[in-house]
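Reading the structure
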Amino acid sequence: MEKAYLVERIKTHLHVLCNEIGERRVGSEKNRLATDYAGKILKEYGWQTEANKLSVIDWKTEGAELTCGDKSFEVFSSHYSLGCSVEGELIAIDTIDKLEQSNITDKIVLLYGDISSQQIAPKKFPFWNPEEHQHLISVLERNRPLAIITATKRDSALAGGVYPFPILLNINIDGAGYHEGFSCFSPFNLPENVSTAFKDMLSDNPLIIEGLPWYQGDHSLFLQNRTPAIAVSSNWFIENMESQEITHTPKDNLGIVNFERVAECAIGVRDLIRKIGS
């Protein structure tokens, strides 16, 4: 598998996925187009593929507007929230104690400060759902405000996930190919034979380094099911996880991709699998 050949193929595939198809959120038509494209390419290379269908909710926004008197404010609709058009009294709340003591029924609630210092987990998310988040949602739902506005900072470390399936080793590729720095493979709970193969792979691929442990990705769900995992990413992203402002923004595009880094990751994964199987 020649690196130069891989680079050209990678450019073609990423152009189709990122430019021709574009945003591929789960449940959307473009997500299905991307899945069909990936299946088609794999079959061309002789792989047998299976697709597990599941029902999910798609969501679209028509934007959001917020005005108070003669002033308007820039706001964004929260993903998967229901639309509304309301007018009412505004009440600002910065702690859970104040929320519990305030009458918020039929009022527009602005959450700021400590109470909105982090993004809230979906109330039925089974893998990460802190009790304080559940309590906050319960208080809000019980008291029926007209609408909720949150002054929440961006948290680059938060990421979505999928439900794990029983497998021997999870390899999660997330954030690979950044144009600065090396690629990194972060191992988690590897059995002895896989750990040996992992170290041999690193020795054969000097442009790949062992990464620091990080858990803000789909591999964390497999780890919770005691499945060994390797997270493939860019070392720059791991070192700047909390401060970078690229992930899930328009800055996350092909202009910041080093296609050779992507090819090196592909070769590294191939070499690892071969060493595990030998």
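Before any of the text, the structure's been laid out above.
Now for a description of the structure that goes with this document. Quantities reported herein were computed from a predicted structural model and do not represent experimental measurements.

1. Digging into the nonpolar core
- Phe185, Phe198, Met201, Ile230, Val232 and Leu272 are the most contacted members of the largest nonpolar core, which totals 13 residues.
- If you list the elements that add at least two residues to this core, you get helix H5 (192-204), strand S9 (229-234) and helix H8 (259-277).
- When residues in this core are grouped by element, the largest group, five residues, is from H5.
- Here Phe185 is in contact with Phe198, Met201, Ile208, Ile209, Glu210, Gly211, Ile230, Ala231, Val232, Cys265, Gly268 and Val269, once residues within four sequence places are set aside.
- Ranked by size, the runner-up nonpolar core spans ten residues in total, among them Ile104, Val109, Val139 and Leu140.

2. What about a nonpolar patch on the surface?
- A contiguous nonpolar patch, built from Tyr5, Leu42, Tyr45 and Trp47 and spanning about 480 Å² of accessible area, is present on the exposed surface.
- Positionally, Leu42 belongs in helix H2 (residues 29-44).

3. Thoughts on the environment of Gly277
- Tracing the backbone shows Gly277 in helix H8.
- In this structure the C-alpha to C-alpha distance between Gly277 and His219, which are 58 residues apart in sequence, comes to 22 Å.

4. Brief notes about unusual backbone geometry
- The phi torsion at Asp106 lies on the positive side, around 60°, for a residue other than glycine.
- Tracing the backbone shows Asp106 in the loop between helix H3 (96-101) and strand S4 (108-111).

5. Here's the deal with the sheet that holds strand S7 (residues 183-188)
- A sheet is described by the order of its strands in space; here four strands give the open sequence S6-S9-S7-S8, paired in mixed fashion. Two strands bound the open sheet, and with one partner strand each, they are strand S6 (170-173) and strand S8 (208-210). Here the average twist between neighbouring strands, direction ignored, is 25°.
- Here S7 runs beside S9; their pairing, made up of six bridges, is antiparallel. Counterpart to Ser186 in the pairing with S9 is Ala231.
- Packing against the sheet, H5 makes contact with S7, S8 and S9, and its axis sits at approximately 140° to S8.

Analysis parameters
Residues numbered from 1 in each chain as written. Predicted model: local features only at pLDDT ≥ 70, side-chain atom pairs only at ≥ 80, totals over all residues. Heavy atoms only, no water. Core = buried A, V, L, I, M, F, W, Y, C linked by side-chain atoms within 4.5 Å. Buried < 20%, exposed > 50% of the residue type's maximum accessible area, 1.4 Å probe, protein only. Helix = DSSP H or I, 4+ residues; strand = E, 2+ residues; numbered from the N terminus. Contact = heavy atoms within 4.5 Å. Patch = residues over 30% accessible without salt bridge, like charges linked within 9 Å, V, L, I, M, F, W, Y side chains within 5 Å. Areas by Shrake-Rupley, 256 points an atom, 1.4 Å probe, with all protein chains shown as cover. Salt bridge = Lys/Arg side-chain N within 4 Å of Asp/Glu carboxyl O. Pairing = 2+ DSSP bridges. Axes fitted to C-alpha atoms, helices over the stretch in contact; angles between N-to-C directions.

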